[in-house]
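# Survey of secondary and tertiary structure
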Amino acid sequence: EVQLVESGGGLVQPGRSLKLSCVASGFTFNNYWMTWIRQAPGKGLEWVASITNTGGSTYYPDSVKGRFTISRDNAKSTLYLQMNSLRSEDTATYYCTSMDAWGQGASVTVSS
Amino acid sequence: DVVLTQTPPTLSATIGQSVSISCRSSQSLLDSDGDTYLNWLLQRPGQSPQLLIYSVSNLESGVPNRFSGSGSETDFTLKISGVEAEDLGVYYCMQATHAPFTFGSGTKLEIK
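The rules behind these values
- Counting from 1, residues in each chain are numbered in the order their sequence is written.
- Think of it this way: whatever chain is written first is A, whatever ligand is written first is 1, and the rest follow in order.
- Under the rules for a predicted model, residues below a pLDDT of 70 receive no local features and side-chain atom pairs below 80 are neither given nor counted, while totals for whole chains, interfaces and linings still include all residues.
- Calculated side-chain values reflect all of the structure's heavy atoms, with hydrogen atoms and water omitted.
- Each residue is assigned to one of three classes by its accessible area relative to the maximum for its type, calculated with a 1.4 Å probe on protein chains only: buried under 20%, partly exposed between the two thresholds, exposed over 50%.
- Numbering of helices and strands starts at the N terminus; helices are DSSP runs of H or I of at least 4 residues and strands are runs of E of at least 2.
- Between any two strands, pairing holds if DSSP finds at least two bridges.
- For this analysis, a nonpolar core means a set of buried residues of the types Ala, Val, Leu, Ile, Met, Phe, Trp, Tyr and Cys, connected via side-chain atoms within 4.5 Å.
- Note on contacts: a residue pair qualifies if any of its non-hydrogen atoms lie within 4.5 Å across the two residues.
- When two components associate, each loses some accessible surface as probed by a 1.4 Å sphere; the sum of these losses over both components is called the buried area.
- For this analysis, a polar contact is any N or O atom pair within 3.5 Å, provided that within protein one partner can donate a hydrogen and the other can accept it, and provided that sequence-adjacent residues contribute only side-chain to side-chain pairs.
- Residues are grouped as follows: Ala, Val, Leu, Ile, Met, Phe, Trp, Tyr, Cys and Pro are nonpolar; Asp, Glu, Lys and Arg are charged; every other residue, Gly included, is polar.

### Let's talk about the pairing of strand 9 (residues 92-97) of chain A
Residues and elements named next belong to chain A.
- Along strand 9, five of the six residues are buried, which leaves the element largely enclosed by surrounding structure.
- One ladder, built from five bridges, connects strand 4 (residues 34-39) with strand 9; its direction is antiparallel. Residue pairing for strand 9: Q39 is matched across the bridge by T93.
- Here strand 9 pairs with strand 10 (residues 106-110) via three bridges, running antiparallel. Counted as the bridge partner of T93 is S107 from strand 10.

Spelled out as structure tokens, the structure:
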């Protein structure tokens, strides 16, 4: 069974950092591009970051570029999202996805 | 950035009715590799999104064939031929041809 399990979410103060992890199982992780997508409370979906299957290239929208870093460890079948300089507008549920499989989401709340 | 305009924003259907959702792009989604990276997702209440259709018209594995996608360039449609109760939720189109990848604002399907 294909599974993506996120962890690392929580409550954090503005300006601080948080790192999300996503452990994959049930498929050949190193064959897939991976992506983080977020959803603010009551809102739609927003692309956050993508990484190629080898980890050689990464892509970000302007809203997180320079603050967030996506990475992966193919030996551990794990995807990461390092989030620095967090802002209130980063409050959301963060989904790890290969597009054909999605995690259950990790909740991140940025508030003082 | 590519803007995806989804209509209608809400849809009310009876069981067995056929419905369509439109997704119009502010620019062509035909990639230089010849593919068109327009996907359709469904997010059921309280759940993570799931992929229904990829590259305009390809049905994701396990998705019922009452779902179909069509279109080209800037104009795309998701059709449900015979709505079932489990189809309720919010439908999103998403483009992955041009960075930043973007989503439509969603169409909420309600069952009468």
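### Section: the nonpolar core
- In this structure, A:W36, A:L79, A:L81, A:M83 and A:Y94 are the most contacted members of the largest nonpolar core, which totals 28 residues.
- Take this core: its biggest share by element is four residues, from strand 3 (residues 18-25) of chain A.
- Setting aside its immediate chain neighbours within four residues, A:L79 contacts A:L20, A:S21, A:C22, A:F29, A:M34, A:T35, A:W36, A:I51, A:I70, A:S71, A:R72 and A:C96.
- Counting residues in each nonpolar core, the second largest holds 23 residues, with B:V2, B:V19, B:L52 and B:C93 among its members.

### What about the interface of chain A and chain B?
- Across the boundary between the two partners, chain A contributes 16 residues, which contact 14 residues of chain B.
- Buried surface at the junction of chain A and chain B, summed over both partners, amounts to about 1200 Å²; 71% is from carbon and sulfur atoms.
- Of all residues in chain A, A:L45, A:W47 and A:M99 give up the largest surface area on contact with chain B, accounting jointly for 49% of the area buried on that side.
- The interface formed by chain A and chain B holds three residue pairs in polar contact (both at pLDDT 80 or more) in total.
- Breaking the side of chain A that touches chain B down by element, the ones donating at least two residues are strand 4 and strand 5 (45-51) of chain A.
- It is strand 5 of chain A that contributes the most residues to the side of chain A that touches chain B, four residues altogether.
- Taken together, the residues of the side of chain A that touches chain B sort by class into seven nonpolar, six polar and three charged.

Remember, this is a structural readout, not a statement about activity or role.
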